[in-house]
Amino acid sequence: MKFARLTAVGVILFTALWIGSGYLRSSTPTPPPARMSEAERPPFRVLVENVKVETHARRLALTGRTQSDQRVLVSARTNGIVKRLAVKRGAVVQPGDLIAELSDEAREAKVAEAKARLSQRAAELDARQQLAQRGNFPTLNLEQLRAEKEAAEASLASAEAELARTRITAPISGIVNELPVEMGQGVQMGATIADLIAPDPMLAVTEVPERRLAGLRLGDPATLKLVTGETREGRISFIARRPSGQTRTYRVDVTFANGDGAIADGIAAEVLLTLAPVAASRVPRSALTFSPEGQLGLRIVDEGNIVRFRPVELVDDETTHLWVTGLEQGMRLITRGQDFIREGQKVEPVTSVEALAKP
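From a predicted model like this one, the values you see are computed outputs, not experimental measurements.

Comments concerning the nonpolar core
Considering soluble globular proteins, one finds that nonpolar side chains tend to be buried as a cluster.
Phase 1 of the analysis: V208, L216, I236, V254 and L273 are the most contacted members of the largest nonpolar core, which totals 22 residues.
Phase 2 of the analysis: For this core, the elements supplying multiple residues, two or more each, are β3 (59-75), β10 (192-209), β11 (221-226), β12 (231-239), β13 (249-256) and β14 (268-274).
Phase 3 of the analysis: The leading source of residues in this core is β13, at four residues.
Phase 4 of the analysis: Contacts of V208, omitting those with residues within four sequence positions, involve L60, L62, L213, L216, T249, Y250, V252 and L273.

Below you can see the structure in the form of structure tokens.
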């Protein structure tokens, strides 16, 4: 019994010593592995390419619509009843072609009356002049007769002009787009008789933001891509000097040939304007980044392989690349790895993907 107690006490003491030795060993701190200093680290490897600055003709893509360069609403110049329509909708007319004719309303009779009165005044003046030459008529009275003849001439001209107003003719070359009157319809002075549209040349009308206006010049080339699938070439013929009140954009007209009349008025089109060329660089779209202040730019490597930030401005947009200004010829542009470095950091620039992947 006494031996069993001694054995139990021995086991307890051994266990206590074993557990205590574990605490003693754990209290001795294990020194951490030495950290590599920044100077001893190998520089981060980035892929670079040399910047090329070249002249680039910028293109601005806008939406617009076609519009006739000339559109005239032909109006009645006198009252009357439409007694003849000489054209139909869609007819092609030339200047002076008859469109419609109004009723006479005794206008021809007034012309005949004015002619008779003029003939009478002319005969009276001629007879009095012969008498005056023989001394049988006072020469002072001849002035009154001349005035009466001139008044008769004016009355005849007025009557003929009123008669001519019954014939409504085309003022321009074009196509009759609308003919809102019918035979026998009474019209008042100023009523619309026909709507004429000149198909050649045509305009493509678009709106340009004010920040892009400085690059446009009269006569600059433009390309039109119509929703019908057709493509036309034209030139800028008008740039507004005042903006639209709602959008603060400026109207720009592009004139293009439409001799065949195939392009109708009001067709939607994409207008590609070629702006004044500028010195720019073509860079990958993925190379763009932002500075800590939120400024758009690119990261480059200077002569000492130090990373620098270079702010740029967008000039033109392509599918995979962008044209920007703000870079100089020969700069080393970082195209891969720019998102894992910071300004002022030293890097190892390489010029091939194979070199970038090496351990």
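Examining the side chain of D253
Phase 1 of the analysis: In this fold, D253 is placed in strand β13.
Phase 2 of the analysis: A polar side-chain atom of D253 sits 2.8 Å from a polar atom in the side chain of R251.
Phase 3 of the analysis: Apart from residues no more than four positions distant in its own chain, D253 is found in contact with L203, A204, V205, R235, I236, S237 and F238.

Digging into helix α3 (residues 142-164)
For an α-helix the count is 3.6 residues per turn, leaving residues at separations of three or four pointing the same way.
Phase 1 of the analysis: Its 23 residues place the ends of α3 33 Å apart at the C-alpha level, agreeing with the 33 Å of an ideal helix rising 1.5 Å per residue.
Phase 2 of the analysis: What α3 keeps buried is the set L142, L145, A152, L156 and A159.

With respect to the environment of G190
Phase 1 of the analysis: By secondary structure assignment, the location of G190 is in the loop between β9 (186-187) and β10.
Phase 2 of the analysis: Judged by relative accessible area, which is 47%, G190 ranks as partly exposed.
Phase 3 of the analysis: Separated by 113 residues in the primary sequence, G190 and R77 place their C-alpha atoms 6.1 Å from one another.
Phase 4 of the analysis: G190 has contacts with S75 and A76, leaving out every residue within four places of it along the chain.

Some points on the pairing of strand β4 (residues 80-85)
Phase 1 of the analysis: One ladder, built from two bridges, connects β4 with β9; its direction is antiparallel. Along β9, the bridge assignment pairs G80 with V187.
Phase 2 of the analysis: Pairing of β4 with strand β6 (residues 98-102), which is carried by three bridges, proceeds in the antiparallel orientation. Each bridged residue has a counterpart across the sheet, and for V82 the counterpart in β6 is L102.

Some words on unusual backbone geometry
Phase 1 of the analysis: With omega at 0 degrees, the peptide bond leading from D200 into P201 counts as cis.
Phase 2 of the analysis: As for its placement among the helices and strands, P201 is situated in strand β10.
Phase 3 of the analysis: Of note in this structure, N305 is not a glycine but carries a positive phi near 65 degrees.

Looking at the sheet that holds β9
Phase 1 of the analysis: Here four strands make up an open sheet; going across it, the order is β7-β6-β4-β9 and the pairing antiparallel. Whereas interior strands pair on both sides, the edge strands pair on one side only; in this sheet they are β7 (167-169) and β9.
Phase 2 of the analysis: As judged from the three bridges shared by β6 and β7, these two strands associate in the antiparallel manner. Among the inter-strand pairings, L98 is bridged to a residue of β7, identified as T169.

As for the packing of aromatic side chains
Phase 1 of the analysis: Scanning the entire structure with this criterion turns up one aromatic pair.
Phase 2 of the analysis: Taking 6.4 Å as the distance between ring centres and 40 degrees as the angle between the ring planes, the aromatic pair formed by F44 and F340 counts as tilted. Residue F44 is found in strand β1 (residues 44-50), and its partner F340 is found in the loop between β21 (332-336) and β22 (347-350); the two are separated by 296 residues along the sequence.
Phase 3 of the analysis: The exposed category is assigned to F340, whose relative accessible area is 65%.

The rules behind these values
- Counting restarts for each chain, with residues numbered from 1 along the sequence as it is written.
- Note on the predicted model: pLDDT of at least 70 is required for a residue's local features to be given, and 80 or more for side-chain atom pairs to be given and counted; whole-chain, interface and lining totals, by contrast, use all residues.
- Note that the side-chain values use all heavy atoms of the structure and ignore hydrogens as well as water.
- By nonpolar core is meant a set of buried Ala, Val, Leu, Ile, Met, Phe, Trp, Tyr and Cys residues that side-chain atoms within 4.5 Å join together.
- Each residue is placed in one exposure class: buried if its accessible area under a 1.4 Å probe, protein chains only, is under 20% of its type's maximum, exposed if it is over 50%, and partly exposed if it falls in between.
- Counting from the N terminus, the helices are DSSP H or I runs at least four residues long and the strands are E runs at least two residues long.
- Contact definition: two residues touch when any of their heavy atoms are within 4.5 Å.
- By the criterion applied in these results, polar contacts are pairs of N or O atoms within 3.5 Å in which, for protein atoms, one can donate a hydrogen and the other can accept it, and in which residues neighboring in sequence qualify only through two side-chain atoms.
- Any helix carries an expected span of 1.5 Å times its number of residues minus one.
- Any two strands with at least two DSSP bridges between them are considered paired.
- Ring geometry is summarised as follows: Phe, Tyr and Trp rings, the Trp one being its six-membered ring, pair when their centres sit within 6.5 Å, and such pairs are stacked at plane angles under 30 degrees, edge-to-face over 60 and tilted between the two.

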